Every structure is written in C-alpha cells, then in structure tokens.
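Residue strings, one per chain:
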Amino acid sequence: MSQDSKVKTTESSPPAPSTARKSIPVLDPSGDYYYWWLNTMVFPVMYNLIIVVCRACFPDLQHGYLVAWLVLDYTSDLLYLLDVVVRFHTGFLDQGILVVDKGRISRRYVRTWSFLLDLASLVPTDVAYVRLGPHTPTLRLNRFLRAPRLFEAFDRTETRTAYPNAFRIAKLMLYIFVVIHWNSCLYFALSQYLGFGRDVWVYPDPAQPGFERLRRQYLYSFYFSTLILTTVGDTPMPAREEEYLFMVGNFLLAVMGFATIMGSMSSVIYNMNTADAAFYPDHALVKKYMKLHHINRRLERRVIDWYQHLHINKKMTNEVAILQHLPERLRAEVAVSVHLSTLSRVQIFQNCEASLLEELVLKLQPQTYSPGEYVCRKGDIGREMYIIREGQLAVVADDGVTQYAVLGAGLYFGEISIINIKGNMSGNRRTANIKSLGYSDLFCLSKEDLREVLSEYPQAQVVMEEKGREILLKMNKLDVNAEAAEIALQEATESRLRGLDQQLDDLQTKFARLLAELESSALKIAYRVERLEWQTREWPMPEDLAEADDEGEAGEGTSKDGEGTTGQGGPPGPE
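Residues numbered from 1 in each chain as written. Predicted model: local features only at pLDDT ≥ 70, side-chain atom pairs only at ≥ 80, totals over all residues. Heavy atoms only, no water.

Description of the overall build of the protein chain
To be explicit about the condition: Per the convention used, a helix needs a DSSP run of H or I reaching at least four residues, while a strand needs a run of E reaching at least two, with both numbered from the N terminus. Note on classification: 1.4 Å probe, protein chains only; a residue is buried when its accessible area is under 20% of the maximum for its type, exposed when over 50%, partly exposed between these limits. We call two residues in contact when some of their heavy atoms are within 4.5 Å. Here the open area of atoms and residues is found with the Shrake-Rupley method and a 1.4 Å probe, where only the protein chains shown may cover a residue.
When helices and strands are counted, the protein chain shows 20 helices and 10 strands. Buried positions account for 31% of the 575 residues belonging to the protein chain. Within the protein chain, residue pairs in contact and separated by at least 24 positions form 71% of the contacts whose partners lie at least 6 positions apart. Total accessible area on the protein chain is roughly 37400 Å²; 60% of this is exposed by carbon and sulfur atoms.

Notes on the sheet that holds strand β10 (residues 440-446)
Operational definition: Pairing between two strands is assigned when DSSP locates at least 2 bridges connecting them.
Strands sit in the order β3-β10-β5-β8 across an open sheet of 4 strands; the sheet is antiparallel. The sheet is open, and its two edges are formed by β3 (365-369) and β8 (412-413), each paired on a single side. Where strand β5 (residues 384-390) lies against β10, 6 bridges are found, and the strand directions are antiparallel. When the sheet's bridge partners are listed, Y386 is paired in β10 with C444.

Concerning the environment of M385
In this fold, M385 is placed in strand β5. Taking C-alpha positions, M385 is 7.9 Å from K447, a pair spaced 62 residues apart along the chain. M385 has contacts with V346, F349, Y412, F413, G414, E415, I418, F443, C444 and L445, leaving out every residue within four places of it along the chain.

Describing helix α6 (residues 113-121)
Our working rule: It is the directions from the helix axis to the C-beta atoms that the arc portrays.
Taken together, the buried positions of α6 are F115, D118 and S121. Buried residues of α6, seen end-on, are gathered within an arc of 130° and therefore sit on one face of the element. Residues of α6 that are buried sit in contact with α4 (66-88) and α5 (102-110).

Comments concerning the state of the cysteines
Using the following cut-off: For this text, the term disulfide refers to a pair of cysteine sulfurs within 2.5 Å.
What the rule picks out here adds up to 0 disulfides. Not engaged in a disulfide, the cysteine C57 finds its nearest cysteine sulfur in C185; these two sulfurs lie 4.9 Å apart. Assessed through its relative accessible area of 10%, C57 is described here as buried. C185 carries a free sulfur, and the closest cysteine sulfur to it, the one in C54, is 4.4 Å from it. For C185, a relative accessible area of 0% gives the class buried.

Re the side chain of N433
The criterion, for reference: Polar contact is defined as a pair of N or O atoms within 3.5 Å, subject to the rule that within protein one atom must be able to donate a hydrogen and the other to accept it, and that residues adjacent in sequence are counted only when both atoms are side-chain atoms.
Among the structural elements, N433 can be located in strand β9 (residues 433-436). The exposure class of N433 is buried, given its relative accessible area of 5%. At 3.0 Å, the side chain of N433 and the side chain of D398 are in polar contact. Filtering out sequence-adjacent residues up to four positions away, N433 remains in contact with Y374, C376, R377, K378, A394, V395, V396, A397 and D398.

Observations concerning the packing of helix α16 (residues 354-363) against helix α17 (residues 447-454)
Put simply, the test is: Note on definitions: angles span 0 to 180 degrees between N-to-C directions of axes, and those axes are lines fitted to C-alpha atoms, for helices only across the stretch in contact. Any angle that is under 35 degrees is reported as roughly parallel, and any over 145 degrees as roughly antiparallel; angles of 65 to 115 degrees are reported as roughly perpendicular and all others as oblique. Handedness of a crossing follows from how the near helix is turned relative to the far one, being left-handed for an anticlockwise turn of less than a right angle and right-handed for a clockwise one. For this scheme, ten residues count as nonpolar: Ala, Val, Leu, Ile, Met, Phe, Trp, Tyr, Cys and Pro. Four count as charged, namely Asp, Glu, Lys and Arg, and the remainder, Gly too, count as polar.
Contact pair α16 / α17: the axes reach a minimum separation of 10 Å and the direction vectors enclose 150°. One finds that α16 runs roughly antiparallel with respect to α17. Considering the relative orientation of α16 and α17, their crossing is right-handed. Of the residues in α17, those touching α16 at L356, E359, L360 and K363 are D449, L450, E452, V453 and L454. Partitioned by chemical class, the residues of the contact of α16 with α17 number 5 nonpolar, no polar and 4 charged.

Concerning the pattern of salt bridges
The condition that has to hold: Salt bridges are identified by distance alone: a Lys or Arg side-chain nitrogen within 4 Å of an Asp or Glu carboxyl oxygen.
Considering all chains together, one arrives at 23 salt bridges under this definition. Across the pair R146 and D83 runs a salt bridge whose closest N-O atoms are separated by 3.0 Å. One end of the pair, R146, is in the loop between α7 (129-132) and α8 (147-160); the other, D83, is in helix α4, and 63 residues separate them in sequence. Using a relative accessible area of 0% as the deciding quantity, one classes D83 as buried. Across the pair R146 and D118 runs a salt bridge, and its minimum N-O distance is 3.1 Å. Taken together, the residues R146 in the loop between α7 and α8 and D118 in helix α6 connect sequence positions 28 residues apart. D118 shares its class with R146; the two are buried. Three or more residues joined by partner-sharing salt bridges are found here, namely D83, R87, D118, R146, R149, E152 and R156.

Here it is in structure tokens:
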C-alpha cells in the first residue's frame, strides 16, 4: 500500500471514542464551594461529638433507636469519606498562586498530620460489632479525630459573617454546652457504675416513679453537671472516693472554663469597643476638654447632640482611617463603589476619565453639619467644594432667616471656587450664605487635593476649566475682558519665560566652553610640569656635586706630595 493511500485511510477513519471521564474540579480553599462544604461537615462532626457519647452513657437511648443510629452513623462515615476526596481536590497557594495540579495536591496532603487523622477517623472499628454486638457505640470514638474540620469551619464563618462578635459568643455558648453535655454523660455513667440510689450524690434509683424515663435521666444529669461546673453550689456531699475525684476534676475544669469565658467575653467587648472607636470619634475627650475650659452649656449641648447623632445613625467621619490597611487599588475600588455615583452628579466632573474620578473619590472627606450650622458664609475664601449626600441646606440672606433656595441630596456648590478660572468676577470668595436646616451629610473636596490629582491629568484640567467657564458665562460672572487681559498677561509671561530660558541656555553653553578651556589648560600645565620633572631627574644632585669636589681636592693634594718626595730623593745639588 502506498503512502498516499495510508494517509487517506487514516483521514477517513472515524475518531476513536474518548474514554476520559470528567474529572472532579479543584476547589479554591478561599472559594464559596469549599466554604459550604466545610459547613456541611459541621453536622457529622457535631453528631459524633454529641450523640455518640450520649449513646454510650445512656443505654436506653442506644437500645431504643438502634436503626436510626446505624443510619446516621454510616451517613456520617460516608461524609467523612467524601471529605477525604475533597481534601485530595483542594488546591493550595504556592507563592501566591493557586496550585491545581492534583499530583502536587495529593503529595502535599499525604505528608500532613491531617491525612493521618482523617485515616484514623475512618478506621472501620464497627467491625467489632460482630463480636461485641451493635450496642457498643464507644467503638466509634475515633470519629472524634475529625474535630479540626469543625474548628476550620468556625474560623471561616467568623471571617465571613457580618456579625463576628455575635458569632464568637454563639460559638462560646456551644463549647460550654458540649462540655456540660459530656460531663453530664460521665456523671450518669459513674452513677450507674457506683449504683443508682446508693447515696444522695449519685442518680436516684430508676425504680422510683418518674426517674426511669430517659428524658428525666438526661435533664437531671445535665442540671447536676451545670451546678458543678458553674460552681453555684447546692450539690449533695460526695460520699465515696470516686465521687470526690469527680468533683475535684469538675472544680478544676470549672476554674479553667470560667477563665476562658471571662477572657473570651473580654475579647469580644474589647473588639466591639475598638470597632466603635475606629468608626466613630471619641466624645469623652471632647466633653472633658469643654468642662476644663468652661464652655457654655448651649455650645456644649450642640457638640453632644452632634456626637449622639453620629452614634445613633451609624455615620462615619473617618473613612480614610478605616480603609487605610487595604491595598491602594482595593481601597479605590471600595471607595468608588460607595461614592462614585455621588461624585458623577457634579457637572464639572461629568465625562471625565474613570481613573481621574477614582483618584478624586479617595480624596472625598465626609462631614456632618448640625441644624442651624453654617457651611459657608458670603465673603469667605473658598478652599473646598461640597456635595450633598443627605439632608437639606438653605441659601439664606445675611440675616440668616430669609431663604432664597433649598438644596437637597445630590446637589453641590462651591465647585467654581476650587478651579482657578481666568476672568471669574467673584474670585475665590463665597457669594452666598449656606446653612444646614437639619443634620446634613456632605462630601468635601479641597482645592489642594483637586490640584494634586489634576497635576497628573493636564487634559482633564483643561476640560474642567472649559466647563467652569461655561457655567460662569451662564451666571454672567465671567469678565471676558479681564479673561483676555489675563490670557495676554499669561502669554507675555510665558514669552518672557521663554526668553529667560533661551538666555539660560546661552549662559550654560558659554559656561560649558569655559569649563572645556579650563580643562584643556589644566591638561597642558600638567603635561609641562611632568616634562620638567623628567628633565630635572637627569641633573646631578647637590650631594653628588659636593662629593665630586671633595674627591678633586684630594687628588690635587696627592699630586703635590708626590712632587716633593721626588725632589728629596734625587741627587743632592751642589752647595
């Protein structure tokens, strides 16, 4: 068969049916599915922690509902088994990235203590029912080892609930109930071991009327255990050693439980006070300040009413401090979701860039004004603009009584004063008196904050100035001649600045040339000095010259002595 026929046969053959099964997806440990699975696991864990102990200590409860217990037992075991499967499909974070590789997830899970505890909780100890009978629920005590899942579910719920302090109190009450429940079961089992009705401390003889019922047995034991653990007293005096040991252990447990309860409640109260202090300003310091300085009663009453209004209506004035620990981008998203609709109502901010609005939202400062309080007065220097979030404000005359207009929620004022518009006849002064009719919530945007944001958005600044100029034209408060004069002055100033820049450039060029000439001269001088140094090294030193002179004088003296000796040794001349 040729190669072409092979290719055709391969292409014409139908694809083989896929045998791959749809795999179980990997769960995000911070996602909703994993959270709801943890809440599901609360029920089997609580069932084993509460019911198994009760069945082991109250035989009538075990014998009376055997079929129901077996169904619930194996249902909880099935959920335990499914929980192990979920653990094998729960991702984890590695360097901030969710790992979805099931091989890595499995290897990581089997190396933890959680895997060993999960395996131990699934050991089929129920097989011993064949030898010991089905009425031995103590064989299922290994199911208690899955309790860490209960604590994990509680921790996740505490971080997600809108009422964490209430949840902490409910969780504490549940722990107290479980401890008292276990202790009441142990009390009934100990009474059965010592003998019902043997003394006044143990449970009465079930043969007595009313004490044979299961409900009475549990309630009596629970009541007796509550008396001991709460150290209320009014308990019968123990008569035997086992009873004394039980009471001593309960007293020690009560002391530890009391300390735990007090610590937990103190923590809850502290957290609530801390939250209040973070959300609302502390009025105690202000009240003390006013008392020390003898502020008049009327003004003091206004301050107290203002604080009371904030607390009663749950209004905040320090949103920036509350959100300060969030990342900047996340803080901006939270602020945008809360305040962007309010800021977008302002006419000069409409059609601006989304990033500019996000920056401005972070600069908004919430303020609350009391009834009759002036927000601004005519002639004041305008350093900020206001957006009405809630309440009503009146534009009043100088007498403070005559009202010209009423401003409601969604309106704004003072926006022109924070933009330097050329030709503005009112300048940066307020042109009206604005007073709060009731309690009014405003957003304040200062000129400095707007200038800081617009420095990064020059095009937006031009657009906002154009919108402000249009508003002033409609209000007949724009002096066109003054605007033209300011523009001409600005152009002249810019021309002078350009001239100064050109002169500065020329001076810099000349200075650079002088520096180059200076460097060249310095190099030449250094070269000449180095050359002279090399030349002077060949000259003899003064010491060498002195030695040479000494040697010359010594040579001359030697020659003279030689001449004298030769004359004496010659033949004597005639006398």
